[in-house]
Amino acid sequence: QMELLARALEPGGAADSDAVARWIGAELPAVVESDWRPATISPEAFATLAARAYPLHPTALVALPYLFRRLAQNERSLFAYLASHEPFGFQEFLRRHAPGDTVRLADLFDYLAANFQGRLYASLRARLITETLERLEQAADKLGPLERDVLKTVGLINWLAEVSPLSAAEPELYAALVAPNRPPARVGEALERLRKPSLVVFRRYNRTYAVWQGSDV
């Protein structure tokens, strides 16, 4: 399915080509070296696939098929996401963002919450999403954009864990969140600011982060 997504996306001209080249040099290596890369794909093949799938961030490229699997939908839904004008969908992202920006996990969280929350409630699969939304609302006046993105990223990975090998370990969170305007140190500080009020918790037994649900230890 990642290959299908990559085939459906073609860079749109010189501006996009320049943006892809800068992004490949700045961000792609850390993702390729992390556990985001499927074990069945070589680093070189994954790097090539991820570059073809721009403007999907490589972590979003990996997560999207699992997202629709978790929703019990088929691969047609992947193409519906790319083509639709739903709130927080791909076409809206293209309208609102400049070349060089990428669709990240926080964007997928917003898309999921805006378009599928009712269906998730009906199927009793909404808990981790609603818990994350509650934490975002609970601390709305205390969280900056980066903290909100970190919380959404952790929440989405937690929700996908039932159908995927993805985990919110620190290296994978850094790979998903680091950008030219938010270096690793800033991401680490944001994680710590979320830990202090227990908006997220660090689970020492498997060294991953989770959105606090009231029963974590």
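These lines cover the structure that appears in this document, whether it is placed above or below. What you see is a predicted model; the values in this text were computed from it and never measured.

## Here's the deal with the overall build of the protein
Within the protein one finds 12 helices and two strands. Secondary structure elements in the protein, listed N-terminal to C-terminal, are α-α-α-α-α-α-α-α-α-α-α-α-β-β. Within the protein, buried positions represent 49% of all 217 residues. Carbon and sulfur atoms provide 52% of the accessible area of the protein, an area that totals close to 10,500 Å².

## Observations regarding the pattern of salt bridges
The final tally for this structure, using the stated rule, is nine salt bridges. With a closest N to O distance of 3.1 Å, Arg-7 and Glu-3 form a salt bridge. With Arg-7 and Glu-3 both in helix H1 (residues 2–8) and four residues apart, this pair spans about one turn of that helix. Residue Glu-3 is classed as partly exposed on the basis of its relative accessible area of 32%. With its nearest N and O atoms 3.5 Å apart, the salt bridge here joins Glu-92 to Arg-96. With Glu-92 and Arg-96 both in helix H7 (residues 90–96), this residue pair falls four residues apart, about one helical turn.

## Description of unusual backbone geometry
In this model, Tyr-54 is joined to Pro-55 through a cis peptide bond whose omega is 15°. Mapped onto the elements, Pro-55 comes out in the loop between helix H4 (43–52) and helix H5 (58–70). If you check the backbone angles, Arg-207 has positive phi at about 55° while not being a glycine. If you trace the backbone, Arg-207 turns up in the loop between strand S1 (200–203) and strand S2 (208–211). Arg-207 gets classed as exposed once you look at its relative accessible area, which sits at 57%.

## What to know about the pairing of S2
Side chains Thr-208 and Ala-210 project from S2 onto one buried face, and the interleaved Tyr-209 and Val-211 project onto a second face that is buried too. Sheet analysis places S1 next to S2, joined by four bridges and oriented antiparallel. From the neighbouring strand, Val-200 faces S2, where its bridge partner is Val-211. From the end of S1 to the start of S2, which pair antiparallel, there are four residues, and Arg-207 there has a positive phi angle of about 55°.

## Overview of the environment of Pro-87
Inspection of the secondary structure assignment puts Pro-87 in the loop between helix H6 (76–83) and H7. Residue class for Pro-87 comes out partly exposed when judged on its relative accessible area of 41%. Along the sequence, Pro-87 and Asp-110 sit 23 residues apart, while their C-alpha atoms lie 8.4 Å from each other.

## So, the packing of helix H10 (residues 145–160) against helix H12 (residues 184–195)
Axis angle and axis distance: for two packed helices, these are the angle between their axes and the distance between the axes, and together they describe the pair. Axis separation between H10 and H12 bottoms out at 9 Å; the angle between their running directions is 75°. Put simply, H10 runs roughly perpendicular to H12. Mapping the contact onto sequence places Leu-146, Glu-147, Val-150 and Leu-151 in H10 and Arg-186, Val-187, Ala-190, Leu-191, Arg-193 and Leu-194 in H12. When grouped by side-chain class, the residues that make up the contact of H10 with H12 number seven nonpolar, no polar and three charged.

## A closer look at H12
Here H12 spans 17 Å end to end across 12 residues, near enough to the 16 Å set by a 1.5 Å rise per residue. Against the buried residues of H12 lie H10, helix H11 (170–177), S1 and S2.

## Examining the side chain of Asp-110
Within the fold, Asp-110 resides in helix H8 (residues 105–122). Setting aside its immediate chain neighbours within four residues, Asp-110 contacts Phe-88 and Lys-152.

## Focus on the packing of aromatic side chains
Summed over all chains, the structure comprises five aromatic pairs. Considering the side-chain rings of Tyr-81 and Phe-90, the 6.0 Å spacing of their centres and the 50° angle between planes classify their relative orientation as tilted. Considered together, Tyr-81 and Phe-90 belong to a single accessibility category, that of buried residues. With a centroid separation of 5.0 Å and 55° between ring planes, the pair formed by Phe-202 and Tyr-209 is classed as tilted. The pair Phe-202 / Tyr-209 is uniform in exposure class, with both members buried. Grouping aromatic residues by their ring pairs yields a cluster made of Phe-68, Tyr-81, Phe-90, Tyr-111 and Phe-116.

Criteria and thresholds
Residues numbered from 1 in each chain as written. Predicted model: local features only at pLDDT ≥ 70, side-chain atom pairs only at ≥ 80, totals over all residues. Heavy atoms only, no water. Helix = DSSP H or I, 4+ residues; strand = E, 2+ residues; numbered from the N terminus. Buried < 20%, exposed > 50% of the residue type's maximum accessible area, 1.4 Å probe, protein only. Areas by Shrake-Rupley, 256 points an atom, 1.4 Å probe, with all protein chains shown as cover. Salt bridge = Lys/Arg side-chain N within 4 Å of Asp/Glu carboxyl O. Pairing = 2+ DSSP bridges. Axes fitted to C-alpha atoms, helices over the stretch in contact; angles between N-to-C directions. Parallel < 35°, antiparallel > 145°, perpendicular 65-115°, else oblique. Contact = heavy atoms within 4.5 Å. Nonpolar A, V, L, I, M, F, W, Y, C, P; charged D, E, K, R; others polar. Expected span 1.5 Å × (residues − 1). Phe/Tyr/Trp six-rings, centres within 6.5 Å; stacked < 30°, edge-to-face > 60°.

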